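Here is how the chains run, residue by residue.
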Amino acid sequence: MHGPLILLYNSIRKKKMYTIRKQFKFEASHQLMDHDGKCARLHGHSWVMWVEVRGDSLFTDGPKRNMLMDYADLKIAVKPLVSEFLDHHHLNDTLSVDMPTSEYIAEWAYDKLFAIGVPIFAIEIEETCTSMCRFEPESSDPGIAFVEHGGTLEQFNNEMEKMRQMYRQTKGSE
Ligand SMILES: [Zn+2]
């Protein structure tokens, strides 16, 4: 490789990106009303949801220094969603949809978390041991994704700052 190519390579290689994931589990029933197979029958799963947060900068001061996001804060943000809509619920009812597939649940959870300012990157839903769906926006940057959802970058930065302040004041558990 020659000069400019090496420069380009180094700038790409050194671009920082951090990803954290936390797992949430819930038991829930669903029924895919229009399915042409067994999923048309009312049944349940032990679901696993992976919530993934990504960002290129860490907290620079305070008790969360060198963290992208405190796992405890992620739990604080996600838990109400799980208890209110998912765990021991019938998903057709709580999500108001007649085809609550893994794909639908993943996108629903993504939108819900995004709306409350979690810098969410992706959601994975494991419906069974062997079946999993991953939902993520086309863009790899939560800020750009926010703009694609109709916001402005300034609003995104404000939301992030508000969230960080809120989480600084919150004493998380676990
Ligand atoms: Zn199912």
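As a reminder, the structure under discussion sits directly above these lines.
The following refers to the structure shown. (Residues numbered from 1 in each chain as written. Predicted model: local features only at pLDDT ≥ 70, side-chain atom pairs only at ≥ 80, totals over all residues.)

**Some details on the overall build of the protein chain**
Within the protein chain, the regular secondary structure consists of six helices and five strands. In the protein chain, the order of α-helices and β-strands from amino to carboxyl end is α-β-β-α-β-α-α-β-β-α-α. Across the protein chain, the fraction of contacts at a sequence separation of at least 24, relative to all contacts at a separation of at least 6, is 59%. (Helix = DSSP H or I, 4+ residues; strand = E, 2+ residues; numbered from the N terminus. Contact = placed C-beta atoms within 7 Å.)

**Side note on the pairing of strand S5 (residues 132–135)**
Across four bridges, the pairing between strand S4 (residues 120–126) and S5 is antiparallel. Its bridge partner being in S5, Glu126 is matched across the sheet by Met132. What sits between S4 and S5 in their antiparallel hairpin is a turn of five residues. (Pairing = 2+ DSSP bridges.)

**Remarks on the environment of Ile20**
Along the chain, the position of Ile20 falls in strand S1 (residues 18–30). A count of 16 C-beta atoms within 10 Å places Ile20 in the partly exposed class. Expressed as a C-alpha distance, the spacing of Ile20 and Phe121, which sit 101 residues apart in the sequence, is 9.6 Å. Setting aside residues up to four positions removed in sequence, Ile20 forms contacts with Val53, Leu68, Met69 and Tyr71. (Buried ≥ 20, exposed ≤ 12 C-beta atoms within 10 Å, placed from the backbone.)

**Overview of the sheet that holds S1**
Taking strand neighbours across the sheet as the criterion, the five strands line up as S3-S1-S2-S4-S5 in an open arrangement whose pairing is mixed. Looking at strand neighbours, the two that pair on one side only are strand S3 (89–90) and S5, the edges of this open sheet. In this fold helix H4 (residues 102–115) packs onto strand S2 (43–55), S4 and S5, with an angle of close to 150° to the strand it touches most, S4. (Axes fitted to C-alpha atoms, helices over the stretch in contact; angles between N-to-C directions.)

**A look at unusual backbone geometry**
Of note, Asn66 is a non-glycine position whose phi angle comes to about 70°, a positive value. Its place among the elements puts Asn66 in the loop between S2 and helix H2 (71–86). The residue Ser96 is not glycine, and still its phi comes out positive at about 50°. Residue position: Ser96 is located in the loop between helix H3 (91–94) and H4.

**Looking at the nonpolar core**
The nonpolar side chains of soluble globular proteins are, as a tendency, buried together. Grouped together as the largest cluster of nonpolar side chains are 23 residues, with contacts concentrated most on Val51, Val53, Ala109, Ile120 and Ile123. Every element with two or more residues in this core is listed here: S2, H2, H4 and S4. If you tally residues by element for this core, the top one is H4, at six residues. Ignoring sequence-local partners within four residues, the contact set of Val51 consists of Arg21, Lys22, Phe24, Leu74, Val78, Ile120 and Ile123. (Core = buried A, V, L, I, M, F, W, Y, C linked by C-beta atoms within 7 Å.)

Bear in mind that shape data such as this cannot, by itself, settle questions of function.
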